[in-house]
Amino acid sequence: MRIRFTKMQGAGNDFVVLDETRERLNLSPAHYRFLADRHFGVGADQILSVRPAPQPDVDFEYVIHNADGGEVEQCGNGSRCFVSFVREQGLTDKTSVRVKVHGGVIELHQLPNGQVTVDMGAPVFDVRRVPFDPLHANALHDESTTSTPAQTWQLALSTGDRVDVGVVSMGNPHAVQVVDNVDTAPVLTQGPLIEHHAAFPRRVNAGFMQIVNRHIIHLRVFERGAGETLACGTGACAAVVTGIRWGLLDPEVLVHTQGGDLTIAWAGGGHPVYMTGPATTVFHGEINLPDTL
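For every chain, the first residue of the written sequence is number 1, and numbering continues from 1 onward in sequence order. This being a predicted model, a pLDDT of at least 70 is required before a residue's local features are given, and a value of 80 or more before pairs of side-chain atoms are given or counted; all residues contribute to the totals for chains, interfaces and linings. Note that water and hydrogens are dropped before the side-chain values are worked out from all heavy atoms of the structure.

Remarks on helix α1 (residues 29-36)
- Counting buried positions along α1 gives six out of eight residues, so the element sits mostly inside the fold.
- Throughout, exposure labels follow a simple rule: accessible area from a 1.4 Å probe, protein chains only, divided by the maximum for the residue type, with under 20% read as buried, over 50% as exposed, and the rest as partly exposed. Helix and strand assignments come from DSSP, with helices taken as H or I runs of at least 4 residues and strands as E runs of at least 2, each series counted from the N terminus. Burial in α1 covers these residues: Ala 30, His 31, Tyr 32, Phe 34, Leu 35 and Ala 36.
- We call two residues in contact whenever any of their non-hydrogen atoms come within 4.5 Å of each other. If you follow the buried residues of α1, they end up packed against β1 (2-10), β2 (13-19), β3 (46-52), β4 (60-66) and β19 (280-288).

Below, the structure written as structure tokens:
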């Protein structure tokens, strides 16, 4: 089968985008793994499938598959690429669209300067909804009381290390820790251990945050099903939310990732998180999908 695709990137987080607004391609997990393969396929962190609106209050639906072929709930950088794609392809002339994803409905706004702001919705801390199993972690409270929900959890890793993390869902699960220096942080060694930790029944994205000051951070993320990526939009949201909850950051923060900069804003509580950043089309192409996968 021969299919058309568009290669896009948002702050270095790269995607293969497929237009399924006219008909479904009905790809298998093996197909998604092939497309994401950087040696034999196109190469991408994730595959984004654009589909027609499944309900009257949204403009589109999009489905996200990781490089390992598994479907995931949300992708912040991918959502910015999504709105640029549907506008460039003439699928809409709106600068603001509502999109259904596995994790809910998000609103995307393309700005005059080409940047895209995404209403990522309110962060979720309810451990059942993350999902997170507190039986496999230790709750750390700021005060000597157990009457308030824990904002910090300690994970015991198989290496014997113990890491203190903030646990939050931005439509997908995240565990964020503060490190002294992201360049020397154990992202590639601790990342897989945190991703597959027993406390996270659906695995988790592991964030490593270096705080420069109250409005600037550096961030690396080991993504569930993809490994370390140059940027992670939901990871940036989760890091800033965690830093604000811990009293370390202001309501608007510039996030430096290896692939570029993102601006994250959160007013706290049940307010939505807003993410602003770039979205770039790299090239268009066609590829033959092998019959034997």
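Having seen the structure, we can now continue with the description.
Some points on the packing of aromatic side chains
- Between 30 and 60 degrees the pair is tilted, below 30 it is stacked and above 60 it is edge-to-face, where a pair is any two Phe, Tyr or Trp rings, Trp via its six-membered ring, whose centres lie within 6.5 Å. Taken as a whole and judged by the stated rule, the model has six aromatic pairs.
- Ring geometry for Tyr 62 versus Phe 82: centroids 4.8 Å apart, planes at 35°, classification tilted. Placement of Tyr 62 in strand β4 and of Phe 82 in helix α2 (residues 76-88) is noted, with a sequence separation of 20 residues between them.
- A residue is classified by how much of its surface remains accessible, and Tyr 62, at 1% relative accessible area, is buried.
- Note on Phe 125 and Trp 266: the rings are 6.3 Å apart at their centroids and 55° apart in plane angle, and the pair reads as tilted.

Here we look at the pairing of β1
- In this scheme, strands are said to pair when DSSP sees at least two bridges between them. Sheet topology places β1 next to β19; eight bridges connect them, and they run antiparallel. Note on β19: the bridge partner recorded for Ile 3 is Ile 287.
- Here five bridges tie β1 to β2, and the two strands are oriented antiparallel to one another. For Met 8, the partnering residue across the bridge sits in β2 and is Phe 15.
- Hairpin connection of β1 to β2: two residues between the antiparallel strands, including Ala 11 at a positive phi of 55°.

Comments concerning unusual backbone geometry
- Of note, the bond from Val 130 into Pro 131 is cis; its omega dihedral lies within 30 degrees of zero at -5°.
- The backbone of Ala 11 shows a phi angle near 55°, a positive value even though the residue is not glycine.
- Turning to its location among the elements, Ala 11 is positioned in the loop between β1 and β2.
- Exposure remark for Ala 11: the relative accessible area of 3% places this residue in the buried category.
- Phi is positive for Arg 203, which is not a glycine, with a value near 65°.

Side note on the pairing of strand β11 (residues 162-169)
- Most of β11 sits out of view: six of its eight residues are buried.
- Note that strand β10 (residues 152-156) and β11 share four bridges and pair antiparallel. Looking across to β11, one finds that Trp 153 is bridged to Val 165.
- Hairpin connection of β10 to β11: five residues between the antiparallel strands, including Gly 160 at a positive phi of 95°.
- In this sheet, strand β12 (residues 173-178) lies alongside β11 in antiparallel orientation, the contact comprising four bridges. Paired with Ser 169 across the bridge in β12 is Pro 173.
- Counted along the chain from β11 to the antiparallel partner β12, the turn is three residues long, and its residue Gly 171 has a positive phi close to 95°.

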